Amino acid sequence: MSAGTPTGKKIVATTSLAGCFGCHMSFLDIDERLLDLIELVEFNKSPLDDIKTFTKDCDIGLIEGGCCNDENVHVLMEFRRRCKTLVALGECAIMGGLPAMRNTISLQECLDEAYRLGPTVADSNPGRIIPCDPDIPRILNRVYPCHEVVQIDYFLPGCPPNADLIWDALTSLLAGKELALEYRTFKYD
Amino acid sequence: MTRKIVIDPVTRVEGHGKVTIHLDAGGNVAQSRLHIVEFRGFERFVQGRPYWEAPVLVQRLCGICPVSHLLAAAKAMDVVVGAGTGDGLPPTAEKMRRLMHYGQIFQSHSLHFFYLASPDLLLGHESDPATRNVVGVALTHRELAVQAINMRKYGQEVIAATAGKKIHGTGAIPGGVNKCLTEAERDALLHGPAPLNADQMVTWAQGAVDFFKNYYRKNKEFVDGFSQFPSNHLSLVRADGGMDLYHGVLRGVDADGKRILDDVDPQDYLEHFREEVKPWSYMKFPYLRALGPEKGWYRVGPLARLNTAEFIPTPLAQAEFEEFKAVTRGKPNNMCLHTHWARLIEVLHAAESMRELLQDPDILGGELQVKGRRRAEGVGLLEAPRGTLFHHYRVGDDDLIEMANLIVSTTNNNEPMNRAVNCVARALLTGVKEITEGMLNAIEVAIRAYDPCLSCATHAYGQMPLDVTLLDAAGAVVSHRRKPGR
Ligand code: SF4
């Protein structure tokens, strides 16, 4: 797989699956180092820019969130195909995170609560409609962590991982060095 | 495990925002739909958790405005623990929460304006999508990029100091807060070395408002005319009609400024609000019960707030408010792109409010938490960056949550966003056979003005992928185009 730009910049792609975007926000919390980063890398598909589809193979793919619908699975598999190295960023990507709290409950119960039983819908949904349409993705029976769907190369813990940790991990990866994760960086909040 | 997932080939193009436009037999736009493709089930799975977990759990709905959910849930739980409804907390607790909230408004609005909207304004709607993004701005307008990064950083520092952590902190708890500021923390935020201090933020915020006004002067026709349509507007306001983003009563006005919801206590929201469910979107459609789904939908967010409030209680923002109101002669402003202007006036108000709060000795110490007679139910509302946010919980005698109902800001804007898309589609697509890239951009610009918190309600972000399908009267696909990459 060929990646990298003619000028030798590594190419990075990011995505948010069933996450809350907090991991992307923590990434932005590297603050002025963002300006250094854009000298080091070129961004490809990412919700942070205007590139909606992969236009080339990438060196690093950062994945936030696990898989809660068929579209998430599709995107994750595409990331696996197009990125040399995949990093699961944060608890949701690593273990399903908070959305996986629904795994102990049937999907139907979750849908009923949101669309049929809640106090602002109970008497205003006479058709007892639950969204279902070819134009919206199908929800999976449970929330899957990324590594149950594709092979993941690295895992960055935290909810979200701290900005400094993201920066250290990214710069280590760019330099081709292994990053030693210290015990104190493991926070499952 | 992996092998167990059985999914048919997914041919649907990936993307979180999806638009379909239906044409009638005459080739005119009959209907447009913005589909929201995400569902998570929070309402159900927080049931059975202890009530004090709610603020930390539900903020995981959204990492872009976690403080809003943290505070809305804490406010609802204030009622549950008998601490009152927004005015019962000790001064230290209330002011710490306000500081946290204004830090959140400041960082979220700065993020939206500089990272998402400014590429269009600085580089042009028609510019090359490859560079029309925040990286493009950073490469061509480095000074502005440094300013943007520092404004966001300052807001995040305020959040870290009040909530304990930049993203998903724990600062607000039922009945109060779990920390106040040390003098060192206060001094750093108030008078820290440039540029990270309160005065610099006020100056930059004023500069951002001026920046937009300048753009407006040069592009008045475009800014005024783009996706303009009448609607109702809703927000919290203070009892005296002043803007208050943390606490107040619910006020709604129609497109002409007539009151349609007269300063309702948030605890009574259920009497006045209902939601409609449509099969083609996971996002519900809220409306005012008295007016019904057809007439009762409303806009929320910066534009709505400037339409419902009578004044802004900080001087610099008030001066800008007056200028803003003069454009529509005091009547509600229904022009979609004026939302950007309104948002920047709020950035200025947030900067002034943070400076005021940081100068208040109450944030350095005092009673942090109160409790009173335990109740079974509580409602917490606040004005999140993107608009009114509703949290409603019922808690059993065993302290476990029995019911949770959340109406997030972006959900409140569901119908207006659909109307905005429809409005643009009608203007551009009537009678056409082919969708062009320019048309896609126009639709995206309309949606982006609402700053949909695609995490709260969907979870793409910012310049979301768009996939537009044009259907004829028989439902056959006339043209399909997705927003291309480079
Ligand atoms: S790990 Fe935490 S911050 Fe990241 S997406 Fe999940 S909930 Fe959000």
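Owing to the predicted nature of the structure, the values given are computational and were not obtained by experimental measurement. (Residues numbered from 1 in each chain as written. Chains lettered and ligands numbered in written order. Predicted model: local features only at pLDDT ≥ 70, side-chain atom pairs only at ≥ 80, totals over all residues. Heavy atoms only, no water.)

## Concerning the overall build of chain A
Selection rule: For helices the rule is a DSSP run of H or I covering at least 4 residues; for strands it is a run of E covering at least 2, with both sets numbered from the N terminus onward. Throughout, exposure labels follow a simple rule: accessible area from a 1.4 Å probe, protein chains only, divided by the maximum for the residue type, with under 20% read as buried, over 50% as exposed, and the rest as partly exposed. Residue exposure ignores everything except the shown protein chains as possible cover, and the areas themselves are Shrake-Rupley values with a 1.4 Å probe. Only four residue types enter the tally: Lys and Arg on the positive side, Asp and Glu on the negative side; His and the chain ends are excluded. To locate a charge, the coordinates of NZ of Lys, CZ of Arg, CG of Asp or CD of Glu are taken.
When helices and strands are tallied, chain A shows six helices and seven strands. Principal axes of the C-alpha set define a box for chain A whose edges measure 60 × 40 × 30 Å. Across the 189 residues that make up chain A, the buried fraction comes to 63%. For chain A, the computed accessible surface area is about 7300 Å², with 54% contributed by carbon and sulfur atoms. Looking at charge distribution, chain A has the averaged site of its 18 positive side-chain charges lying 5 Å from that of its 28 negative ones.

## Observations concerning the packing of aromatic side chains
Each aromatic ring pair is described using two quantities: the centre-to-centre distance and the angle formed by the ring planes. Residue and element names in this part refer to chain B. Keep this limit in mind: Aromatic pairs are defined between Phe, Tyr and Trp rings, using the six-membered ring for Trp, whenever the two ring centres lie within 6.5 Å; interplanar angles under 30 degrees are classed as stacked, those over 60 as edge-to-face, and all others as tilted. Here, over-ring charges are defined by two tests on the NZ atom of lysine or the CZ atom of arginine: distance to the ring centre within 6 Å, and angle to the ring normal within 35 degrees.
Tallied over the entire structure, the rule returns 14 aromatic pairs over all chains. Between tyrosine 216 and tryptophan 341, the aromatic rings sit 5.3 Å apart at their centres with planes inclined by 45°, giving tilted as the arrangement. One end of the pair, tyrosine 216, is in helix α8 (residues 198-218); the other, tryptophan 341, is in helix α14 (residues 338-358), and 125 residues separate them in sequence. Accessibility expressed as a relative area gives 7% for tyrosine 216, which makes it buried. By relative accessible area, tryptophan 341 is classed as buried at 2%. Here phenylalanine 273 and phenylalanine 390 contribute two aromatic rings whose centre-to-centre distance is 5.0 Å and whose plane-to-plane angle is 70°, an arrangement assigned as edge-to-face. In this pair, phenylalanine 273 sits in strand β8 (residues 273-276) while phenylalanine 390 sits in strand β12 (residues 387-395), placing the two residues 117 residues apart along the sequence. The buried category is assigned to phenylalanine 390, whose relative accessible area is 1%. Each residue in the set Phe212, Tyr215, Tyr216, Phe324 and Trp341 is aromatic and connected to the rest through ring pairs, giving one cluster. In this arrangement the basic side chain of lysine 75 is found over the ring face of tyrosine 246, its NZ or CZ atom lying 4.5 Å from the centre.

## Brief notes about the pairing of strand β6 (residues 139-144) of chain A
Residues and elements named next belong to chain A. The following threshold applies: Note on pairing: two strands pair once DSSP finds at least 2 bridges between them.
Where burial is concerned, most of β6 is hidden: five out of the six residues are buried. Bridge count for strand β4 (residues 67-69) against β6 is two bridges, and the pairing is antiparallel. If you follow cysteine 67 over to β6, its bridge partner there is tyrosine 144.

## Re the site of the ligand
Quick note on the threshold: When we say a residue is near a molecule or strand, we mean one of its heavy atoms is within 4 Å of it.
Taken together, the neighbourhood of the ligand is formed by 13 residues, with Cys20, Cys23, Glu91, Cys92 and Cys159 of chain A sitting nearest. Flanking the ligand are residues from chains A and B.

## Focus: the packing of helix α2 (residues 33-40) of chain A against helix α6 (residues 163-175) of chain A
All names here are of chain A. Cut-off, in case you're wondering: To get an axis, a line is fitted to the C-alpha atoms, and for a helix only the part in contact is used. The angle between two axes follows their N-to-C directions and goes from 0 to 180 degrees. By the definition adopted for this analysis, an angle is roughly parallel if under 35 degrees, roughly antiparallel if over 145, roughly perpendicular if from 65 to 115, and oblique otherwise. Here is the rule for handedness: rotate from the far helix to the near one, and if that takes an anticlockwise turn smaller than a right angle the crossing is left-handed, while a clockwise turn gives right-handed. Between two residues, a contact is recorded if the distance between any of their heavy atoms is within 4.5 Å. Three classes are used, and their members are as follows: Ala, Val, Leu, Ile, Met, Phe, Trp, Tyr, Cys and Pro are nonpolar, Asp, Glu, Lys and Arg are charged, and the others, Gly among them, are polar.
Where α2 contacts α6, the axes come no closer than 12 Å and their chain directions differ by 20°. Here α2 is positioned roughly parallel relative to α6, judged by the angle of their axes. Relative to α6, α2 is oriented so that their crossing is left-handed. Residue-level contacts link Arg33, Asp36, Leu37 and Leu40 of α2 to Asp164, Trp167, Leu170 and Leu174 of α6. Of the residues assigned to the contact of α2 with α6, the class counts are five nonpolar, no polar and three charged.

## Comments concerning the pattern of salt bridges
For side chains bearing opposite charge, pairing can occur when the charged atoms are close. Residues and elements named next belong to chain A. Cut-off, in case you're wondering: Whenever Lys or Arg places a side-chain nitrogen within 4 Å of a carboxyl oxygen from Asp or Glu, that contact is recorded as a salt bridge.
Per the counting criterion, the structure on display carries 39 salt bridges over all chains. Note that lysine 56 is salt-bridged to glutamate 42, the shortest N-O span being 2.9 Å. Here lysine 56 is found in the loop between β2 (41-43) and β3 (58-64), whereas its partner glutamate 42 is found in strand β2, with 14 residues between them in sequence. Between aspartate 153 and arginine 80 there is a salt bridge, with the nearest N and O atoms lying 3.2 Å from each other.

## With respect to helix α5 (residues 107-117) of chain A
All of the buried residues along α5 of chain A are Leu107, Cys110, Leu111, Asp112, Glu113, Ala114 and Tyr115 of chain A. For α5 of chain A, the secondary structure elements touched by its buried residues are β6 of chain A together with α1 (42-45) and β13 (401-407) of chain B.

## Things to note about the environment of alanine 255 of chain B
Residue and element names in this part refer to chain B. Among the structural elements, alanine 255 can be located in the loop between β6 (249-253) and β7 (259-264). Judged by relative accessible area, which is 21%, alanine 255 ranks as partly exposed. Sequence separation between alanine 255 and proline 332 is 77 residues, and the spatial gap between their C-alpha atoms is 6.0 Å. With near-sequence residues (within four places) excluded, alanine 255 lies in contact with Pro230, Ser231, Asn232, Pro332 and Asn334.

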